[in-house]
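Here's the letter readout for the chains.
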Amino acid sequence: MFVKIKKDWELSESEATPESIYCQRRTLLKVAGFTMATGLFAPTEILGATAGFPSALNPKYKPTDRKLTKEELVTSYNNFYEFSFDKDNVEERAKDFKAEPWTLEISGMVHKPQTIDVNDLVNQWGIEQRIYRFRCVEAWGMVVPWDGIPLKKIVERAQPTQQAKYLKFVSFLKPDEAPGQRRAPHYPWPYTEGLTVEEATNELPMLVTGVYGKPLPNQNGAPIRVITPWKYGFKSIKSITKIEFTEKMPQTLWNELAPNEYGFYANVNPQVDHPRWSQASERIVGKWFARQKTLMFNGYGEQVAHLYKDLDLKKWY
Ligand SMILES: Nc1nc2c(c(=O)[nH]1)N[C@H]1C(S)=C(S)[C@@H](COP(=O)(O)O)O[C@H]1N2
Ligand SMILES: [Mo]
């Protein structure tokens, strides 16, 4: 089977994935088995834990305004360009990816640089479940139960130096296992992302090792990824191998490819449109053509708005 080639690999994320087309295609493919999004939040006991993967819902993080997205959709509708530029075949293309063993290197401007085995991380730190809204820059939204560790804890353990201002997250470079890296050789792989130290030590960001109470499947970023729920989804970098503390704002993959479209901060903001479409509303993944209003900071203003009081949010897309 040959990968369907897009007209132009230079296309930015969103051009490569026209929402309406994916929506329709998925709808056609799934028509037989398709059911509406779950009507209720599943209780912790159901989302619960598989053996060796205990995780209790932290009740503080559970949106009451939106419904949980079905597991089947969360694990089959994915953006993961290392594997595919289509959303609905990432699962298939990523199935042979070797996510174990896996270590996470913490380096740069820290007093305690370290290399952590991801299994040790889960066993030693214990994980909790949080249900977060998830908003892609392409104007679709989900609600997802993630399992993981607050990023804050890891930052505190590494002890950033006085000069450290940013965290640079680095994903993997394995073109042998990742067809997307072979097919788009001019992309600045590995995928990179960044946060300020202040953002990373906020209560919200998570180092995620699971979804729906199970270890992360490859397509969702096995074995460990970042989740920043008040930012557009591309900030939530998958399959990370390294966190480097830096003084300078790190270059990120999407920012390098299309700086006018994908800013460093990328906070969800209904008032600032993407250069090519409105961000005022979003499609609800799993509901036929249903839309909802975009929330400022994706509904997490209470936790993060203070971080940006000195920033012109209109300028910093
Ligand atoms: N390494 C890596 N991380 C990534 C991406 C990617 O292509 N590669 N895509 C991002 C985008 S655009 C989105 S919307 C989310 C999708 O996460 P999900 O598939 O778990 O919903 O992952 C983000 N993290
Ligand atoms: Mo995205």
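Cut-offs applied
- All residue numbers here refer to positions counted from 1 along the written sequence of the relevant chain.
- Chains and ligands are labelled by the order in which they are written, letters from A for the one and numbers from 1 for the other.
- Residues qualify for local features only when their pLDDT is at least 70, as the model is predicted, and side-chain atom pairs are given and counted only at 80 or more; totals for whole chains, interfaces and linings, by contrast, use all residues.
- Excluding hydrogens and water, the side-chain values take into account all heavy atoms of the structure.
- When a residue's accessible area, from a 1.4 Å probe over protein chains only, is under 20% of the maximum for its type it is buried; when over 50% it is exposed; and in between it is partly exposed.
- Each helix is a run of H or I in the DSSP string that is no shorter than four residues. Each strand is a run of E no shorter than two, and both are numbered from the N terminus.
- By definition, the arc is the one covered by directions from the helix axis to the C-beta atoms.
- Any two residues whose heavy atoms approach within 4.5 Å are treated as being in contact.
- Whenever a nitrogen or oxygen atom comes within 3.5 Å of another N or O atom, the pair is scored as a polar contact, on the condition that within protein one atom can donate a hydrogen and the other can accept it, and that pairs from neighbouring residues in sequence are kept only if both atoms are in side chains.
- Only C-alpha atoms enter the line fits that serve as axes; for helices the fit covers just the stretch in contact. Angles between N-to-C directions range over 0 to 180 degrees.
- Any angle that falls under 35 degrees is termed roughly parallel, while one over 145 is termed roughly antiparallel, one within 65 to 115 roughly perpendicular, and all others oblique.
- Known as pLDDT, the predictor's per-residue confidence is scaled from 0 to 100.
- Any carboxyl oxygen of Asp or Glu that lies within 4 Å of a side-chain nitrogen of Lys or Arg is treated as forming a salt bridge with it.
- We define a nonpolar core as any set of buried Ala, Val, Leu, Ile, Met, Phe, Trp, Tyr and Cys residues linked to one another through side-chain atoms lying within 4.5 Å.
- Pairing between strands requires that DSSP locate at least two bridges from one strand to the other.

Asks: Got a sec to walk through helix α5 (residues 118-125)? Specific residues and values, please.
Replies: All of the buried residues in α5 are Val-118, Leu-121 and Val-122. For α5, the buried positions fall inside an angular range of 95° around the axis, keeping them on one side. What points out from α5, more than 90 degrees from its buried face, is the exposed set Asn-123 and Gln-124. Looking at the buried positions of α5, the neighbouring elements they touch are β3 (114-117), β4 (127-136), β5 (140-150), α6 (151-158) and β8 (206-211). The opening residue of α5, the one whose side-chain oxygen lies 2.9 Å from the backbone nitrogen of Asn-119, is Asp-117.

Asks: Explain the packing of α5 against α6 to me, and be specific about the residues and the numbers.
Replies: Their axes nearest at 13 Å, the elements α5 and α6 cross at an angle of 105°. By the angle class used here, α5 and α6 are roughly perpendicular. Only Lys-153, Ile-154 and Arg-157 of α6 make contact with α5, whose side of the interface consists of Leu-121, Gln-124 and Trp-125.

Asks: Now, about the confidence of the model for the protein: what can you tell me, with residues and values included?
Replies: On average, residues of the protein score 86 in pLDDT, and 82% of them are at 70 or above. Segment residues 1-52: pLDDT under 50, and 111 contacts once partners within four positions in sequence are set aside and those in other chains are kept.

Asks: How would you explain the pattern of salt bridges if you had to name every residue and give the values?
Replies: Note on pairing: side chains with opposite charge can pair once their charged atoms come close. Across all of its chains, the model carries 15 salt bridges by this definition. A salt bridge links Arg-133 to Asp-65; the nearest nitrogen and oxygen atoms lie 3.1 Å apart. Remark: Asp-65 occurs in the loop between β1 (55-57) and α3 (71-74) and Arg-133 occurs in strand β4; sequence separation between them is 68 residues. Among the residues examined, Arg-133 registers a relative accessible area of 9% and is labelled buried. Among the ionic pairs, Lys-242 bridges to Glu-244, the shortest N-O distance being 3.9 Å. On the basis of relative accessibility, which here comes to 24%, the residue Lys-242 falls in the partly exposed class. A residue is classified by how much of its surface remains accessible, and Glu-244, at 25% relative accessible area, is partly exposed. It is possible to trace a salt-bridge network through shared partners that takes in Asp-65, Arg-66, Arg-133, Arg-135 and Glu-282.

Asks: Break down the environment of Leu-57 for me, with residues and values.
Replies: Position of Leu-57 among the secondary structure elements: in strand β1. Along the chain, Leu-57 and Asp-147 lie 90 residues apart, while their C-alpha atoms are 8.5 Å from each other.

Asks: Describe in detail the nonpolar core, supporting the description with residues and values.
Replies: Counting residues in hydrophobic clusters, the biggest one holds 83 residues, and the most contacted among them are Trp-146, Leu-151, Leu-167, Phe-169, Ile-240 and Phe-245. Ranked by the residues each element gives to this core, the list is headed by β5, at six residues.

Asks: Please set out the side chain of Ser-76 residue by residue, giving values where relevant.
Replies: Among the structural elements, Ser-76 can be located in the loop between α3 and α4 (90-93). Residue classification places Ser-76 among the buried residues on the basis of a relative accessible area of 8%. Here the side chain of Ser-76 touches Glu-72 through a polar contact of 2.6 Å, landing on its backbone oxygen.

Asks: Account for the sheet that holds strand β11 (residues 240-246), with residues named and values stated.
Replies: If you walk across this open sheet you meet the five strands as β3-β2-β11-β6-β7, and the pairing is mixed. Each edge of the open sheet carries a strand with a single partner, namely β3 and β7 (192-196). The mean angle between the axes of side-by-side strands here comes to 15°, regardless of whether they run parallel or antiparallel. Note: strand β2 (residues 103-108) against β3, four bridges, orientation antiparallel. Across the sheet, the residue bridging to Glu-105 is Thr-115, located in β3.

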